[in-house]
Number of protein chains: 2
Amino acid sequence: MVNKKKNDTAHERILIAAKKVFFLKGMAGARMQDIADEAGINKALLHYYFRNKEKLFELIFKEASNQFFPKIADIIDSDIPLFEKIESFCSEYIDMMQQNAYLPLFVLNEVNKQPHRFRERFWKNREFLFSKFVGQIEMEIKNRKIKPVSPAHLFINMISMCIFPFIAKPMMMMSSGMDELQFRDFMDQRKTEIPKFIIESIKR
Amino acid sequence: MVNKKKNDTAHERILIAAKKVFFLKGMAGARMQDIADEAGINKALLHYYFRNKEKLFELIFKEASNQFFPKIADIIDSDIPLFEKIESFCSEYIDMMQQNAYLPLFVLNEVNKQPHRFRERFWKNREFLFSKFVGQIEMEIKNRKIKPVSPAHLFINMISMCIFPFIAKPMMMMSSGMDELQFRDFMDQRKTEIPKFIIESIKR
DNA sequence: CTTAGTATTAACTATTTGGTTAAAATATAT
DNA sequence: ATATATTTTAACCAAATAGTTAATACTAAG
C-alpha cells in the first residue's frame, strides 16, 4: 500500500450525501439507507468508511458548527470602527448563510436536542467573541459616539436579525407567498437594512 | 353509556406527556414508549386513545402552532398607536414564550422538516397579520411620524429579536455561562429593550 | 348482583433500521 | 501474470420501534 488519496469519489460522495440528508432531516430523522441512496452506493460502504451513524454525524455536525461560528469571530474581533464592523458583520454573515440556508436551523436544533455534544467544544475552543465587541461598545458609549445601550442586547439583536429569517424561511415564504428568488432578494436587502436599522438606533 | 368526561387522568396525562416528549425530541426523535412512560401508562393505551403516532403528533403540533401564532394577530391587528403596539407586542409575545421556551424551535423545526403539514393551514386560516400592520406603518411614514422604513423588514426585525433568543437559548447559555434564572432576567429586560431599540431607530 | 360498556394491560407481530459478514470485484505492486 | 491489498456488494442479523390482540380489571346502570 502507498499513499491513499481521499479525494476520490465514493468517500466524498458519502460526505456530500450525508450533509444533505442530515441537514434536511436532522440526526434523529436521517436514515443510513437514505444517505447510501443519495450517494449512490451500498449501505455497507457507509460503515466501511465511517464506522457508524454517530461518527458520520459527528463529522458533519462539527463542520457545520464550525461554519456557523468562528468566521464571525474574525470580524467581531477585528479592529475596525464599530459602525463598519456592524456593516461588514451583517453583510458577510448573511452572505455565508445564503450559501447554506439550512445551516442555522440544523446547528441550533441539534444543540438543543443534544447539548452535551456542544458543551465541551464551547468551554474549550471559544472564549467567545463577545468580550472584545463589548469592550468596543462600552468605549464608544464613554466617548459619547453612541447612545448608552446594553452591549449584550445589541449583540443579540444583531445576530437575531441576521439569522432568524433563515430559520423561519419556509414559514416566511408560505405566509407571504415569496418564492426562492424573492427570498434571496429580501435577504440581500437585509445586508444593508439591518446595519442601517441598528446604526440609526444607537448613533448620537 | 352516558356523557363521557374527558377531563380525567389517563387521556390528559398522555397529552401532557406527548407534548413534553415531542417538544424535547421532535417528531422523528420521539418514541411512543417514552410518551407512555412519561404518562405512566401502557404503550397500548396510547393507541387506544390516539390511533397512531401521526395522529398524536398532529394534535400536539396543531395546538403548538396555534399558540405560536394567532394571539399575535390580536395585538398586531388592533387599533392602538404604532409605538404602543410595538411595546405591547414585544412584551406580550416574549411573555408567552417564556411560559413555553421550547415552542418556537419546535414549531419552526417541524415546519422546515414537513412543510406540507403547514401549507394548507396557512393558505386557509390566515390572511396573515401583515397587511394591517404594514398599512399602519406606511401611514405613519406618510404623516412623517417615523422615518421611511421598509415595513416588511421592520416586522421581521421585531419578531426576530423576540423569538430568536429562545431558539438559541442553550447556545447562549453555554457561551455566556448564563443559568436559567439569568436567562429569564435577560428576556425580561428584552421586553422593554427591544421596543426602545426599535423606536429609537424609526422615530423622527 | 349482573351485565354491558369502558379502561388498561401483558404479550405478541411486523417493519424499520443500524450494523455485520463473507464473498466478489477492482485496483496495485512485484 | 500473480499475489496482495483495497473497494464494493448482496445477504444477513439483531435491536428498536410502531402498532395489534386478546384477555383482564374497572365502572356504572338496571
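Please refer to the structure placed before this passage.
The rules behind each value
Residues numbered from 1 in each chain as written. Chains lettered and ligands numbered in written order. Predicted model: local features only at pLDDT ≥ 70, side-chain atom pairs only at ≥ 80, totals over all residues. Heavy atoms only, no water. Buried < 20%, exposed > 50% of the residue type's maximum accessible area, 1.4 Å probe, protein only. Helix = DSSP H or I, 4+ residues; strand = E, 2+ residues; numbered from the N terminus. Least-squares fit on C-alpha atoms with pLDDT ≥ 70 in both. Contact = heavy atoms within 4.5 Å. Core = buried A, V, L, I, M, F, W, Y, C linked by side-chain atoms within 4.5 Å. Buried area = accessible area lost by both parts, 1.4 Å probe. Salt bridge = Lys/Arg side-chain N within 4 Å of Asp/Glu carboxyl O. Polar contact = N/O pair within 3.5 Å; in protein donor to acceptor, adjacent residues only side chain to side chain. Nonpolar A, V, L, I, M, F, W, Y, C, P; charged D, E, K, R; others polar. Expected span 1.5 Å × (residues − 1). Arc of directions from axis to C-beta.

1. Some words on helix 11 (residues 169–176) of chain B
Then, number 1: Among the eight residues that make up helix 11 of chain B, seven are buried, leaving the element largely enclosed by the rest of the structure.
Then, number 2: For helix 11 of chain B, the complete set of buried residues consists of K169, P170, M171, M172, M173, M174 and S175 of chain B.

2. Topic: the relation of the copies chain B and chain A
Then, number 1: With an RMSD of 0.0 Å, the fit of chain B onto chain A corresponds to turning through 180° and sliding 0.0 Å along the axis. On this basis, the relationship between the two copies can be described by a two-fold rotation axis. It is S201 of chain B whose C-alpha, among those of chain B, lies nearest the rotation axis, at 1.9 Å.
Then, number 2: Interface overlap between copies: 100% of the residues of chain B at the interface are likewise at the interface in chain A, consistent with a symmetric, same-surface contact.

3. Quick notes on the nonpolar core
Then, number 1: Core analysis: the biggest nonpolar cluster contains 133 residues, and F22, F68 and F89 of chain A together with F22, F68 and F89 of chain B have the highest contact counts within it.
Then, number 2: In contact with F22 of chain A, not counting residues within four places along its chain, are M27, A30, I35, K53, L56, F57, I60 and F106 of chain A.

4. Let's talk about the side chain of Q114 of chain B
Then, number 1: Note that Q114 of chain B resides in the loop between helix 7 (103–113) and helix 8 (116–125).
Then, number 2: Among all residues touching Q114 of chain B, those that are not within four sequence positions of it are M27 and F57 of chain B.

5. Concerning the interface of chain B and chain A
For interface size, the figure often reported is the accessible area lost on association.
Then, number 1: Across the contact, 50 residues belong to chain B and 50 residues belong to chain A.
Then, number 2: In total, chain B and chain A occlude about 4,500 Å² of area from one another, counting both sides; carbon and sulfur atoms represent 72% of this.
Then, number 3: Joining chain B to chain A, the criterion identifies two salt bridges.
Then, number 4: As a salt-bridge pair, E200 of chain A and K147 of chain B come within 2.7 Å of each other at their nearest N and O atoms.
Then, number 5: At the junction of chain B and chain A, the tally comes to 13 residue pairs in polar contact (both at pLDDT 80 or more).
Then, number 6: Elements supplying a minimum of two residues to the side of chain B that touches chain A: helix 1 (9–29), helix 7, helix 8, helix 10 (151–167), helix 11 and helix 12 (180–202) of chain B.
Then, number 7: With twelve residues, helix 10 of chain B is the single largest residue contributor to the side of chain B that touches chain A.
Then, number 8: Grouping the constituent residues of the side of chain B that touches chain A by class yields 32 nonpolar, eleven polar and seven charged.

6. Here's the deal with helix 4 (residues 53–68) of chain A
Residues and elements named next belong to chain A.
Then, number 1: Compared with an ideal rise of 1.5 Å per residue, which puts 16 residues at 22 Å, helix 4 spans 22 Å between its outermost C-alpha atoms and is within 8% of the ideal.
Then, number 2: Three or more residues of helix 4 are buried, namely L56, F57, I60, F61, A64, S65 and F68. Down the axis of helix 4, the buried set is contained in an arc of 155°. They therefore lie on one face.

Shape descriptors only; they carry no functional weight alone.
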